[in-house]
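In case you want the letters, here they are:
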Amino acid sequence: MQQPVLPAYLIARWLLLLVLLAGIYFLSGFLVPALAALIIGLATWPVFQRIVRACGGRTIPAASLALITVILVIIVPLSLALSYAINEASNFVAWALAANRHGVAVPAWISSLPVVGDRLTEYWITYVGEPHALGALVEAVSGEHLGNIYRMVLSATGNAFHLLLSVLFMLITLFFVYKDGDRMLGQLDILGERILPERWRRFSRVVPATVSSTVTGMSLIAVGEGVVLGIAYWIAGVPSPVLLGVVTGFMALIPGGAPLSFTLVSLYLIGSGHLVAGIALFAWGTIELFIVDKTLRPRLVGGPVKLPFLPTFFGLVGGVKTMGIVGLFVGPVLMALLVAVWREWVRNVQHERELAQCHNVEQIRVDRGDAPR
């Protein structure tokens, strides 16, 4: 009897790989909402476990309550803040279009700034004061025409159906993550112990804690700084406080981003003649930043894996470039996982090296006849 060219198990593995690739291809459009649901599920899993205990161990009512909580606490406030921010951004871009068409004279507050006022005045005359100069600058920096950017901002407000569909798919996925999360984790443990039999038990405990603490900590700090400083902008009389608060919240995800934001706003207030408001805003931002960095950030962000600056920065930039706004959280999570894998691998190598050194010492003692009897 003639033997087949390929063994049956090899054919089965290739067919399984093709099926997986086909599934990824057809579901690629929903990859970002699915990742968002997984990240929210991991970040809120401890809270969900408390809801399950309060519901007497019934996962369906607990998943429903957790989903309603996510909608009320995350989806609704974030949607309102983004809608206000997009409206204010559209007004700003409309002003930029008018400034590009006719040019804008140098504001008095820029020329009155100490030390840098004269240099900024020259830059303003070169890049904003002349007609069509601002459009050339924007196109040189971003590669997009100013009119295209305005249309993109308008399309962000008009493309509500696609955004609603993505949010709905994310919420449906999140419900089943809550409902069947324990079963998924059990199956993942079986697969992980087969792939990494010696390291999976420790690695599987580090990863969820890292994801939960990274996402939860970064989100709480970003939302808190955006809200607190946004209210401070509004009290100080800064134009577009909602937009600036949202920008500050996103900048707070980057180390050093929040102080840069409120420092620039404080300089604007000082230059525009509101000296007391500018100094008060800078003092308030400095105190708030000191409290957050010294008390809250070390407790909330990182968990077992404390991310250094460079992996955090690469995760944020790479995540936003690849996945948009969801990448703000997916990127740092992936970098935290990579750092966790790297440190776990280094720890195991060091442990094996120590064991080898102990074995060599014992062997030398045996050769010399000094071994304990």
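Keep in mind the model is a prediction, meaning the values are calculated, not measured.

The rules behind the values
- Residues numbered from 1 in each chain as written.
- Predicted model: local features only at pLDDT ≥ 70, side-chain atom pairs only at ≥ 80, totals over all residues.
- Heavy atoms only, no water.
- Helix = DSSP H or I, 4+ residues; strand = E, 2+ residues; numbered from the N terminus.
- Buried < 20%, exposed > 50% of the residue type's maximum accessible area, 1.4 Å probe, protein only.
- Contact = heavy atoms within 4.5 Å.
- Areas by Shrake-Rupley, 256 points an atom, 1.4 Å probe, with all protein chains shown as cover.
- Salt bridge = Lys/Arg side-chain N within 4 Å of Asp/Glu carboxyl O.
- Core = buried A, V, L, I, M, F, W, Y, C linked by side-chain atoms within 4.5 Å.
- Axes fitted to C-alpha atoms, helices over the stretch in contact; angles between N-to-C directions.
- Parallel < 35°, antiparallel > 145°, perpendicular 65-115°, else oblique.
- Left-handed = near helix turned anticlockwise from the far one by under 90°.
- Phe/Tyr/Trp six-rings, centres within 6.5 Å; stacked < 30°, edge-to-face > 60°.
- Polar contact = N/O pair within 3.5 Å; in protein donor to acceptor, adjacent residues only side chain to side chain.
- Patch = residues over 30% accessible without salt bridge, like charges linked within 9 Å, V, L, I, M, F, W, Y side chains within 5 Å.
- Expected span 1.5 Å × (residues − 1).
- pLDDT = per-residue confidence, 0-100.

1. Topic: the overall build of the protein
Okay, step 1: For the protein, the count of helices and strands is 16 helices and zero strands.
Okay, step 2: Relative to its 373 residues, the protein shows a buried fraction of 31%.
Okay, step 3: Of the contacts formed within the protein by residues at least 6 apart in sequence, a portion of 68% connects residues at least 24 apart.
Okay, step 4: Summed over all atoms, the accessible surface of the protein reaches about 23900 Å², with 71% contributed by carbon and sulfur.

2. Some words on the pattern of salt bridges
Okay, step 1: Counted under the stated rule, the structure contains two salt bridges.
Okay, step 2: Across the pair Lys 179 and Asp 180 runs a salt bridge whose closest N-O atoms are separated by 3.2 Å.
Okay, step 3: Relative accessible area serves as the criterion here: at 25%, Lys 179 is assigned to the partly exposed category.
Okay, step 4: On the accessibility criterion, Asp 180 (14% relative accessible area) is buried.
Okay, step 5: Between Arg 183 and Asp 180 there is a salt bridge, with the nearest N and O atoms lying 4.0 Å from each other.

3. Things to note about the nonpolar core
Okay, step 1: Among the nonpolar cores identified, the biggest contains 19 residues, and Ile 40, Phe 48, Ala 62, Val 70, Met 170, Leu 174 and Tyr 178 are the most heavily contacted of them.
Okay, step 2: Counting only elements with at least two residues in this core, the list comes to helix H2 (31-43), helix H3 (45-54), helix H4 (59-102) and helix H9 (160-179).
Okay, step 3: If one sorts the elements of this core by residue count, H4 sits on top with six residues.
Okay, step 4: In this structure, Tyr 233, Phe 262, Val 265 and Leu 281 belong to the second largest nonpolar core, which totals nine residues.

4. What about the packing of helix H12 (residues 241-251) against helix H13 (residues 257-271)?
Okay, step 1: One can describe the packing of H12 onto H13 by two numbers: an axis separation of 7 Å at closest approach and a directional angle of 150°. Comparing the axis directions of H12 and H13 gives the class roughly antiparallel. Crossing handedness for the pair H12 and H13: right-handed. Along its contact with H12, which presents Leu 244, Thr 248 and Met 251, the element H13 presents Gly 257, Ala 258, Leu 260, Ser 261 and Val 265.

5. A short note on the packing of aromatic side chains
Okay, step 1: For the coordinates displayed, the defined rule picks out four aromatic pairs.
Okay, step 2: Each ring, one from Trp 45 and one from Phe 48, has its centre 5.1 Å from the other, and the planes form 45°; the classification is tilted. Linking Trp 45 with Phe 48, this pair stays in helix H3, spanning three residues, or about one helical turn.
Okay, step 3: With centroids separated by 5.4 Å and ring planes inclined at 85°, the aromatic side chains of Phe 175 and Phe 176 adopt a geometry described as edge-to-face.

6. Considerations on the side chain of Asp 180
Okay, step 1: Structurally, Asp 180 can be placed in the loop between H9 and helix H10 (181-195).
Okay, step 2: In terms of polar contacts, Asp 180 uses its side chain to reach the side chain of Lys 179, at 3.2 Å.

7. With respect to a nonpolar patch on the surface
Okay, step 1: Together, Leu 65, Ile 68, Leu 72, Val 73, Ile 74, Val 76, Leu 78, Leu 80, Tyr 84 and Val 242 make up an exposed nonpolar region whose accessible area comes to about 890 Å².
Okay, step 2: Here the nonpolar patch takes nine residues from H4, the largest share from any one element.
Okay, step 3: Here Leu 80 lies in helix H4.

8. Considerations on H2
Okay, step 1: The terminal C-alpha atoms of H2 lie 18 Å apart, and with 13 residues this matches the ideal 18 Å at 1.5 Å per residue to within 8%.
Okay, step 2: The complete set of buried residues in H2 reads Pro 33, Ala 36, Ala 37, Ile 39, Ile 40, Gly 41 and Ala 43.

9. Side note on the environment of Gly 285
Okay, step 1: Within the fold, Gly 285 resides in helix H14 (residues 275-300).
Okay, step 2: Residue classification places Gly 285 among the buried residues on the basis of a relative accessible area of 0%.
Okay, step 3: For the pair formed by Gly 285 and Val 228, sequence separation is 57 residues and the distance between their alpha carbons is 8.9 Å.
Okay, step 4: In this structure, Gly 285 is in contact with Leu 229 and Phe 262, ignoring residues within four places of it in sequence.

10. A look at the side chain of Ser 266
Okay, step 1: Note that Ser 266 resides in helix H13.
Okay, step 2: With relative accessibility at 2%, the residue Ser 266 sits in the buried group.
Okay, step 3: A distance of 2.7 Å separates a polar atom in the side chain of Ser 266 from the backbone oxygen of Phe 262.

11. A look at the confidence of the model for the protein
Regions with low pLDDT carry predicted coordinates that are not meant to be interpreted in detail.
Okay, step 1: Averaged over the protein, the pLDDT score is 75; the fraction of residues at 70 or greater is 77%.
Okay, step 2: By mean pLDDT, the top-scoring element of the protein is H3 (87), and the lowest-scoring one is helix H8 (residues 146-158) (56).

12. Re the environment of Leu 82
Okay, step 1: Looking at where Leu 82 falls in the secondary structure, it is placed in helix H4.
Okay, step 2: Among the residues examined, Leu 82 registers a relative accessible area of 26% and is labelled partly exposed.
Okay, step 3: Between the C-alpha atoms of Leu 82 and Val 246, which are 164 residues apart in sequence, the distance is 7.5 Å.

13. Digging into the environment of Leu 38
Okay, step 1: Turning to its location among the elements, Leu 38 is positioned in helix H2.
Okay, step 2: For the pair Leu 38 and Gly 181, spaced 143 residues apart in the sequence, the C-alpha separation amounts to 9.8 Å.

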